[in-house]
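These are the residues of each chain, in order.
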Amino acid sequence: MGAGHGHSLHFHGHSPIHRLPAHVKLTTLVLFVLIVVATPRTAVPAFGAYVALLLAVAAFTTVPWTSLARRMVVEVPFVVFALLMPFVAEGPRVRVGPLHLAEAGLWGAWGLLAKGTLGVLASLIFGTTTEPRDIVRALEKLRLPQPIVQIASFMFRYLEVVTGELRRMKIARDSRGFQARSIRQWRVLAGTLGALFIRSYERGERVHLAMLSRGYAGRLPFARQLTATWGDWGRALTLPVAGIGILAAVMFA
Amino acid sequence: MHVPDGFLTAQTSLATAAVAAVGVGIALRGARRELDDRTAPLAGLVAVFVFAAQMLNFPVGAGTSGHLLGGALAAVLVGPFTATLCISVVLLVQAIAFADGGLTALGTNVTLMALVGVWVGYGMFRVARAVLPKRTASVPIAAAFGAALSVPAAAATFALLFAAGGAVPIATGKLLTAMVGWHVLIGLGEAAITFLAVGAIVATRPDLVYGAQDLRPDHADLEIRDGVVV
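In this text, all values refer to a predicted model and were calculated from it rather than measured experimentally.

Its volume calculated, the second largest pocket comes out at about 750 Å³. Elements with a contribution of two residues or more to the lining of the second largest pocket: helix 2 (22-38) of chain A together with helix 1 (10-35), helix 4 (80-97) and helix 5 (106-131) of chain B. If one sorts the elements of the lining of the second largest pocket by residue count, helix 1 of chain B sits on top with 9 residues. When the residues that make up the lining of the second largest pocket are grouped by side-chain class, the tally is 23 nonpolar, 6 polar and no charged.

Tyr50(A), Phe81(A), Leu193(A), Phe197(A), Phe49(B) and Phe162(B) are the most contacted members of the largest nonpolar core, which totals 147 residues. Per-element tally for this core: the top contributor is helix 4 of chain B, with 13 residues. Summarising the domain contributions, this core has at least three residues from each of domain 1 (16-137 + 227-252) and domain 2 (146-213) of chain A.

Residues and elements named next belong to chain B. For the coordinates displayed, the defined rule picks out 4 cavities of 30 Å³ or more. Each pocket or cavity is described by its volume, and for the largest cavity that value is around 100 Å³. Lining the largest cavity are 13 residues; nearest its centre among them are Leu 69, Gly 71, Met 113, Gly 117 and Ser 150. Elements represented by at least two residues in the lining of the largest cavity include exactly helix 3 (71-78), helix 5 and helix 6 (138-165). For the lining of the largest cavity, the class distribution of residues is 8 nonpolar, 4 polar and 1 charged.

In this section: the interface of chain B and chain A. By a widely used convention, the size of an interface equals the accessible area lost when the partners come together. The partner chain A presents 73 residues to the 67 residues of chain B that form the contact. Summed over both partners, the interface of chain B with chain A comes to about 6100 Å²; 82% of that surface belongs to carbon and sulfur atoms. Counting the surface chain B buries against chain A, the share from its top three residues, Leu45(B), Pro59(B) and Ile96(B), is 10%. Inspection of the region where chain B meets chain A yields 1 salt bridge. Arg205(B) is the partner of Glu202(A) in a salt bridge, and the nearest nitrogen-oxygen pair spans 2.2 Å. On inspection of chain B and its partner chain A, the count reaches 2 residue pairs in polar contact (both at pLDDT 80 or more).

Each domain of chain A was delimited in the assignment, giving domain 1 (16-137 + 227-252) and domain 2 (146-213). When each unit is reduced to the centre of its C-alpha atoms, the spacing between domain 1 of chain A and domain 2 of chain A is 34 Å.

Residue and element names in this part refer to chain A. Across all of its chains, the model carries 10 salt bridges over all chains by this definition. In this structure, the salt-bridge partner of Glu 165 is Arg 199, at a minimum N-O distance of 3.7 Å. Placement of the pair is Glu 165 in helix 8 (residues 146-175) and Arg 199 in helix 9 (residues 186-213), with a sequence separation of 34 residues. Using a relative accessible area of 7% as the deciding quantity, one classes Glu 165 as buried.

Before going further, it helps to examine the confidence of the model for chain A. Residue and element names in this part refer to chain A. Per-residue confidence for chain A averages 84 on the pLDDT scale, and 96% of its residues sit at or above 70. Element-level pLDDT for chain A is lowest in strand 1 (residues 93-96), with a mean of 76, against a maximum mean of 91 in helix 2. With pLDDT under 50 throughout, residues 1-6 is counted as low confidence; its partners more than four residues away or in other chains account for 9 contacts.

What follows deals with the UniProt feature "transmembrane region" (unreviewed entry) in chain B. Residues and elements named next belong to chain B. When the UniProt feature table is mapped to this numbering, "transmembrane region" (unreviewed entry) covers residues 6-28, 40-60, 72-93, 105-125, 137-163 and 175-202. Secondary structure content for residues 6-28 is 83% helix and 0% strand, and the end C-alpha separation is 29 Å. Segment residues 175-202 splits into 100% helix and 0% strand. End C-alpha atoms: 38 Å apart.

This brings us to the packing of aromatic side chains. Tallying each qualifying case throughout the model produces 13 aromatic pairs over all chains. Between Phe47(A) and Tyr50(A), the aromatic rings sit 5.9 Å apart at their centres with planes inclined by 85°, giving edge-to-face as the arrangement. Taken as a pair, Phe47(A) and Tyr50(A) lie in helix 3 (residues 44-61) at a separation of 3 residues, close to a single helical turn. In this structure Phe47(A) comes out as buried when scored by relative accessible area, which is 2%. Geometrically, the ring pair formed by Phe197(A) and Tyr201(A) is tilted, given 5.7 Å between the ring centres and 50° between the ring planes. Taken together, the positions of Phe197(A) and Tyr201(A), both in helix 9 and 4 residues apart, correspond to about one turn of that helix. Here the two residues Phe197(A) and Tyr201(A) agree in accessibility, since each one is buried. By the ring-pair criterion, three or more aromatic residues cluster together here, those being Phe81(B), Trp119(B), Tyr122(B), Phe125(B) and Tyr210(B). Seen from the ring of Phe154(A), Arg157(A) lies directly overhead, with NZ or CZ sitting 5.7 Å from the centre.

Thresholds applied
- Residues numbered from 1 in each chain as written.
- Chains lettered and ligands numbered in written order.
- Predicted model: local features only at pLDDT ≥ 70, side-chain atom pairs only at ≥ 80, totals over all residues.
- Heavy atoms only, no water.
- 1 Å grid on protein atoms, 1.4 Å probe; cavity = no way out; pocket = protein on both sides within 12 Å on 5 of 7 lines; lining within 4 Å.
- Points joined across faces, edges and corners; volume = space filled by probe spheres on them.
- Helix = DSSP H or I, 4+ residues; strand = E, 2+ residues; numbered from the N terminus.
- Nonpolar A, V, L, I, M, F, W, Y, C, P; charged D, E, K, R; others polar.
- Core = buried A, V, L, I, M, F, W, Y, C linked by side-chain atoms within 4.5 Å.
- Buried < 20%, exposed > 50% of the residue type's maximum accessible area, 1.4 Å probe, protein only.
- Domains from an automatic or database assignment.
- Contact = heavy atoms within 4.5 Å.
- Buried area = accessible area lost by both parts, 1.4 Å probe.
- Salt bridge = Lys/Arg side-chain N within 4 Å of Asp/Glu carboxyl O.
- Polar contact = N/O pair within 3.5 Å; in protein donor to acceptor, adjacent residues only side chain to side chain.
- pLDDT = per-residue confidence, 0-100.
- UniProt positions renumbered as here; feature names shortened; annotations may be inferred.
- Phe/Tyr/Trp six-rings, centres within 6.5 Å; stacked < 30°, edge-to-face > 60°.
- Lys NZ or Arg CZ within 6 Å of the ring centre and 35° of its normal.

Given below as structure tokens:
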């Protein structure tokens, strides 16, 4: 687990953001995103200030900008959806160059893009600075139901194994001259999925038996519980507190 | 199809989060019945399978490709409760570790894909199984039927949510037609992949397919017979 395996966003480092306990970071992230979503989209300066805050935090993480930028692509499908808004929304229209666009749609598109992008950036900062095993510990610390925590922990643990299996099947297909060009090749690809399911399921059964033989009784043993000092909370909560300050300043200005 | 932050108003997001929490709560109880104490490792590996399956690209033509959503497939393979749980955890992990899908929209995404996607898919699968002859060959056809309907159902739910509590005023009818129209096509792709994948699994390990449990021969279990005493 951890750095170098490349199966999650995590980017190994020792910045102050990396060192914060994961449950503190996750709480901070949720609070901050809630504030962003609750901000009215007409409060344009607030969004500028949020971006500045997040960029400042991102600078602290020592994660390269290029790696953050590359990962922003997860947002693309919804950027397309947002950009359609000015064309399809209801209400009065305004002239923008050669186009007649709906005013509400323009505001809508701006709001979707601003809030969506801030959400992705904030989540990326969390994902790049938190090790998968700490994410699982954070979920447990934040009292999510045990089965959910355990399923998530198995997910992280076997992600690399199962995607490795998928990769090997791809190599096997490629070395037999297979090329996925059109729908005609779907049968082979779906066969891969079938084989992957059978292998995953059987692995699940083997893992379960191995766990039972080592005394598993419904709870996973964690070697180290997450702990946070008041200082950790203080440092982390600066971000949402600053967010609330910005929101208040813009709303009452 | 992961809804990001800010697409729906805060109230709508809270409402879908409540729906998702209740749904996942029920799934937690139900999954225990489907998988007994093997829940954690098996559901975990099935969750990884769904996650990995979404990484496999299916060429559509003209250089584009699509991937499986997997709600109906998971429901047919491991049962609807376990599938709900697996897809919810996949969405949770995608949101917090891969920044895919907004954290405040997690409730919405779980409602759309883990509740509507899985249960419409499974419900329609059951309906098709009841109509089709009781044979192994019917299982992939029924699964494809479920998959074909589950995708537009999730899209229609999103359109209705967006109409009720979206961040932009759009004519509900227009959005609904566009979303459902487009997702009927995606649903056909989903149906084809689900049909082929379930077909491949039923052909080799029908015992692993939850939706084909009733087709198992009665004498499948090993039995101890009295030895012939000479």
